[in-house]
Amino acid sequence: MKPFTCMIVDDEPLAVRLLESYVEKTPDLQLLASYTDSITAINAIKKQKPDLLFLDIQMPNIDGMELAHSLPEQTRVVFTTAFKEYAFESYEVNALDFLLKPIRYNKFLGSIEKAIKWFDTQQTAVQPKQQPNTIFVRVDGEWRNISIDQITYVNGMKDYVMFYLDGEKKPLVSHLTMKAVEDMLPTDKFLRIHRSYIVAVDKIQKVDRNDCVYIGDEIIHIPDGYLQTFRNFLETRSFPK
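Summarised in this report is the structure supplied together with it. All residue numbers refer to position in the chain's written sequence, counted from 1. Confidence filtering applies because this is a predicted model: local features only for residues at pLDDT of at least 70, side-chain atom pairs given and counted only at 80 or more, and all residues used for totals across whole chains, interfaces and linings. With hydrogens and water set aside, each side-chain value is computed from the structure's full complement of heavy atoms.

Structural notes on the overall build of the protein chain
A helix here means a DSSP run of H or I that spans at least four residues, while a strand means a run of E at least two residues long, and both kinds are numbered starting from the N terminus. A tally of helices and strands in the protein chain yields seven helices and 15 strands. If you take every contact in the protein chain between residues at least 6 apart in sequence, the share linking residues at least 24 apart comes to 46%. Charge counting follows a simple rule: Lys and Arg are positive, Asp and Glu are negative, and His as well as the terminal groups are ignored. A charge is said to be at NZ when it belongs to Lys, at CZ for Arg, at CG for Asp and at CD for Glu. Of the side chains in the protein chain, 29 bear a positive and 34 a negative charge, and the two mean positions are spaced by 5 Å. Throughout, a residue-residue contact means that at least one pair of heavy atoms, one from each residue, lies within 4.5 Å.

The structure is reproduced here in structure tokens:
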């Protein structure tokens, strides 16, 4: 695990030195800089974007609450103050923790543990889910395992859907809803262009001037309700005009 970067902003030099000593003896925590002036600090914070900011609330010029509203999105705040009445206000800026002076090292470590849990949660949340390469479709009482890349388009008719596949003359018919199929198929490969059609975008042959999609042996006219979404997709896959 790479070290968490941090900065300290407090107008009391003694408080800064105490926090610096805590950072120095805490594994996986790297101090980028310390500041006693909030105006100087804010420019450095925006430039270096530390993971954590130990921030005093009551300071001259720009106080901690004001500064917290202008931080980089990924920087989390641990407020440090001698005034416990600020605790409730600190949650308005999504502070990670609130340390009351004089700060003990065990309380400081508690804040670091909260930071580790928060960043772990964020990392897990942004990791893309691995999409399956195949899906199981129930056809005539049997489960057919079909490759997602083999699907050309899907056509819905009432409570049934038909999967048209590369290399297959007849579609696979299954008792499903179009919504269930839409939720199952990866959105980076498939697009719903009609109440009754979902198409594999990489297998579209052409789109004519009448907003008709040619795919497989089918010509599908895109109705108004789906047209803007499809045009937005086209803009991501075509050269600028």
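That covers the picture; the talk isn't over yet.
Here we look at the nonpolar core
Among buried residues, those of type Ala, Val, Leu, Ile, Met, Phe, Trp, Tyr and Cys that are joined through side-chain atoms within 4.5 Å constitute a nonpolar core. Each residue's exposure class comes from its accessible area (1.4 Å probe, protein chains only) as a fraction of the maximum for that residue type: buried when under 20%, exposed when over 50%, partly exposed otherwise. If you look at the biggest cluster of nonpolar residues, it comprises 20 residues, and the most contacted ones within it are Val 9, Ile 45, Leu 53, Leu 55 and Phe 79. Counting residues per element, the ones that place at least two in this core are β1 (4-9), β2 (29-35), α2 (38-48), β3 (52-56), α3 (64-68) and β4 (76-81). Membership of the second largest hydrophobic core comes to 18 residues, among which are Val 16, Tyr 22, Leu 29 and Phe 119.

Observations concerning the side chain of Lys 101
Here Lys 101 lies in the loop between β5 (97-100) and α5 (105-126). Overall, Lys 101 belongs to the buried group, its relative accessible area being 18%. There is a polar contact of 2.7 Å between the side chain of Lys 101 and the side chain of Asp 10. Ignoring anything within four residues of it in the chain, the contact list for Lys 101 reads Asp 10, Glu 12, Ala 15, Asp 56, Thr 80, Thr 81 and Ala 82. We call two N or O atoms a polar contact when they sit within 3.5 Å, provided that within protein one can donate a hydrogen and the other can accept it, with sequence-adjacent residues counted only if both atoms are side-chain atoms.

Comments concerning the environment of Asn 155
Secondary-structure assignment places Asn 155 in strand β8 (residues 151-157). With 39 residues separating them in the primary sequence, Asn 155 and His 194 have C-alpha atoms 9.3 Å apart. Filtering out sequence-adjacent residues up to four positions away, Asn 155 remains in contact with Tyr 160, Val 161, Met 162, Tyr 164, Met 178, Ser 196 and Tyr 197. Within polar-contact distance, the side chain of Asn 155 engages the backbone oxygen of Ser 196 at 3.0 Å.

Focus on the pattern of salt bridges
We count a salt bridge whenever a side-chain nitrogen from Lys or Arg sits within 4 Å of a carboxyl oxygen from Asp or Glu. One pass over the full model with this rule turns up 10 salt bridges. A salt bridge links Asp 166 to Lys 203; its shortest N-O distance comes to 2.7 Å. Residue Asp 166 is found in the loop between β9 (160-165) and β10 (172-174), and its partner Lys 203 is found in the loop between β12 (197-200) and β13 (204-207); the two are separated by 37 residues along the sequence. Across the pair Arg 192 and Glu 182 runs a salt bridge, and its minimum N-O distance is 3.1 Å. Taken together, the residues Arg 192 in strand β11 (residues 190-194) and Glu 182 in helix α6 (residues 178-184) connect sequence positions 10 residues apart. For Glu 182, a relative accessible area of 30% puts it in the partly exposed group. Members of the salt-bridge network, linked through shared partners, are Asp 10, Glu 12, Asp 56 and Lys 101.

A closer look at the sheet that holds β2
We treat two strands as partners when DSSP finds at least two bridges between them. What the five strands build is an open sheet, ordered β2-β1-β3-β4-β5; its pairing is parallel. Among the strands making up the open sheet, the edge pair consists of β2 and β5. Looking at each pair of strands side by side, their axes are set apart by 20 degrees on average, direction ignored. When β1 meets β2, the two strands line up parallel, connected through six bridges. Bridging across to β2, Val 9 finds its partner in Tyr 35. Angles here are taken between N-to-C directions and fall from 0 to 180 degrees, while the axes themselves are lines fitted to C-alpha atoms, restricted in helices to the stretch in contact. Contacts from helix α1 (residues 13-24) reach β1, β2, β3 and β4 within the one sheet, and its direction differs from that of β2 by about 165 degrees. This element, α2, spans β1, β2 and β3 of the sheet and lies at about 165 degrees to β1.

Digging into helix α7 (residues 224-236)
Since the α-helix advances by 3.6 residues per turn, residues separated by three or four positions end up pointing in the same direction. Inspection of α7 places Leu 227, Phe 230 and Phe 233 among the buried residues, and these make up the whole buried set. The arc that holds the buried residues of α7, viewed along the axis, is 130 degrees, so those residues lie on one side. Turned more than 90 degrees away from the buried face of α7, the exposed residues are Gly 225, Glu 235 and Thr 236. Each element contacted by the buried residues of α7 is listed here: β11, β13 and β14 (212-215). Along the arc lie the directions from the helix axis toward the C-beta atoms.

Some words on the packing of aromatic side chains
A pair of Phe, Tyr and Trp rings is counted when the ring centres sit within 6.5 Å of each other, with Trp represented by its six-membered ring. The angle between the planes then sorts it: under 30 degrees is stacked, over 60 is edge-to-face, the rest tilted. Applying the stated criterion across every chain, the model contains nine aromatic pairs. Aromatic pair Phe 230 and Phe 233: ring centres 5.8 Å apart, planes at 45 degrees, arrangement tilted. Of this pair, Phe 230 and Phe 233 both sit in helix α7, separated by three residues, roughly a single helical turn. Considered together, Phe 230 and Phe 233 belong to a single accessibility category, that of buried residues. A ring is considered to have a charge above it if a Lys NZ or an Arg CZ atom is located within 6 Å of its centre and within 35 degrees of its normal. The ring of Tyr 105 has Lys 25 lying over it, and the distance from NZ or CZ to the ring centre is 4.2 Å. When the ring centre of Tyr 214 is taken as origin, the NZ or CZ atom of Lys 206, which lies over that ring, is 4.6 Å away.

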